[in-house]
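Below, each chain spelled out in residue letters.
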Amino acid sequence: MDSMGFFITFEGIEGCGKSTQVRLLSALLKEGGTPCVVTREPGGTQIGAKIREILLNPDNTAMAPEAELLLYAADRAQHMREVIKPALDSGKIVVCDRFTDATMAYQGVGRGLDVALINELNRIASLGITPDLPLLLDCPAEIGIERALDRNSKNGHAKDDRFEREAMAFHQKVRDGYVGIAKAEPDRVKVVDAARDIQSMHGEIRGIVDAFLRNNRT
């Protein structure tokens, strides 16, 4: 483990607070002198940013679920080659806003696409690399969407993105998908109650990450 970095991912529905917690954790790691790369999916590369525009554009209502899945896979393949793997190989910690678990929750459970196909696409696109510490920020779908729409209003966004415009039933399916993943793999996925305030969540995440690093650094 000496030459390899660690791969930490943040997962959860719209409005669960991932972006804020990614920012807080990465600031903490950098303050402590830990080399850290912060990135996101989709959009962690220049090519990925163009894919993100297509995926989130609310005008793309005709997008087929299969096309959506393949665009995410394309974004991930570029992201892994260009950003994630080089950073891990150089011994850095990578903190990523969403990764393969999101594809399973959104496209697998939310869209109802074939789970075996998603697993294979994830394996190919990620070069077989899996997160060392996936953190699921879990909150009820109603709370998450309310937060997301409120955030957009405060930030002056003219329109919500394509996923934020989905029916509540879709967001509930995605949340159920995430909860199902965490229940099936409790040793891998760490669940954080995201219905709480920002600092309470950050405190718990800090404790989880500190314990992980203590137990895995040699």
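Above this text is the structure in question.
Residues numbered from 1 in each chain as written. Predicted model: local features only at pLDDT ≥ 70, side-chain atom pairs only at ≥ 80, totals over all residues. Heavy atoms only, no water.

Participant: What is the right way to read empty space enclosed by the protein from this model?
Facilitator: To find leftover empty space, a probe the size of one water molecule is rolled over the atoms. According to the stated counting rule, one finds 1 cavity of 30 Å³ or more in the structure shown. Taken as a whole, the largest cavity spans an internal volume of roughly 40 Å³. Lining the largest cavity, in full, are Glu11, Asp101, Pro134, Leu135, Leu136, Tyr178, Ile181 and Val189. Mapped by element, the contributors of at least two residues to the lining of the largest cavity are β4 (133-138) and α7 (168-184). Of all the elements, β4 adds the most residues to the lining of the largest cavity, at 3 residues. In the lining of the largest cavity, the residues fall into 6 nonpolar, no polar and 2 charged. (1 Å grid on protein atoms, 1.4 Å probe; cavity = no way out; pocket = protein on both sides within 12 Å on 5 of 7 lines; lining within 4 Å. Points joined across faces, edges and corners; volume = space filled by probe spheres on them. Helix = DSSP H or I, 4+ residues; strand = E, 2+ residues; numbered from the N terminus. Nonpolar A, V, L, I, M, F, W, Y, C, P; charged D, E, K, R; others polar.)

Participant: I'm lost on the sheet that holds strand β5 (residues 190-193) in this one. Help?
Facilitator: Spatially, 5 strands are ordered β2-β3-β1-β4-β5 in an open sheet, and the strand pairing comes out parallel. Two strands close off the open sheet at either side, each with one partner strand: β2 (36-40) and β5. Put simply, the sheet's adjacent strands are angled 20° from each other on average, direction ignored. Alignment of β4 against β5, held across 4 bridges, turns out to be parallel. Looking across to β5, one finds that leucine 137 is bridged to valine 192. Contacts from helix α3 (residues 65-89) reach β1 (7-11), β2 and β3 (93-97), with the element oriented near 155° to β2. (Pairing = 2+ DSSP bridges. Axes fitted to C-alpha atoms, helices over the stretch in contact; angles between N-to-C directions. Contact = heavy atoms within 4.5 Å.)

Participant: Explain the pattern of salt bridges here, please?
Facilitator: Side-chain pairs of opposite charge can arise where the charged atoms are in close proximity. Within this structure, the stated rule accounts for 12 salt bridges. As a salt-bridge pair, lysine 18 and aspartate 97 come within 2.7 Å of each other at their nearest N and O atoms. Here aspartate 97 lies in strand β3 and lysine 18 lies in helix α1 (residues 18-31), a separation of 79 residues in the sequence. Assessed through its relative accessible area of 9%, aspartate 97 is described here as buried. We note a salt bridge from aspartate 101 to arginine 188, for which the minimum N-O separation is 2.8 Å. Linking aspartate 101 in helix α4 (residues 100-110) with arginine 188 in the loop between α7 and β5, this pair joins segments that are 87 residues apart in sequence. (Salt bridge = Lys/Arg side-chain N within 4 Å of Asp/Glu carboxyl O. Buried < 20%, exposed > 50% of the residue type's maximum accessible area, 1.4 Å probe, protein only.)

Participant: Whenever I open this one, the side chain of aspartate 97 confuses me. Can you help?
Facilitator: For aspartate 97, the side chain forms a polar contact with the side chain of lysine 18, separated by 2.7 Å. Residues in contact with aspartate 97, not counting those within four places in the same chain, are Phe10, Lys18, Ser19, Val22, Thr39, Arg40 and Glu41. (Polar contact = N/O pair within 3.5 Å; in protein donor to acceptor, adjacent residues only side chain to side chain.)

Participant: How do you make sense of the nonpolar core when you look at a structure like this?
Facilitator: For soluble globular proteins, the rule of thumb is that nonpolar side chains tend to be buried together. Phe10, Tyr106, Leu135 and Leu137 are the most contacted members of the largest nonpolar core, which totals 45 residues. The greatest single-element share of this core, amounting to 6 residues, is contributed by helix α8 (residues 198-216). Of all hydrophobic cores here, the second largest spans 11 residues; its members include Phe7, Val37, Ala87 and Phe99. (Core = buried A, V, L, I, M, F, W, Y, C linked by side-chain atoms within 4.5 Å.)

Participant: How do you make sense of the layout of surface pockets when you look at a structure like this?
Facilitator: Quantified by volume, the second largest pocket comes out at close to 260 Å³. Contributing to the lining of the second largest pocket are 14 residues, with Thr100, Asp101, Asn119, Asn122 and Arg188 lying nearest its centre. Elements with a minimum of two residues in the lining of the second largest pocket: α4 and α5 (115-125).

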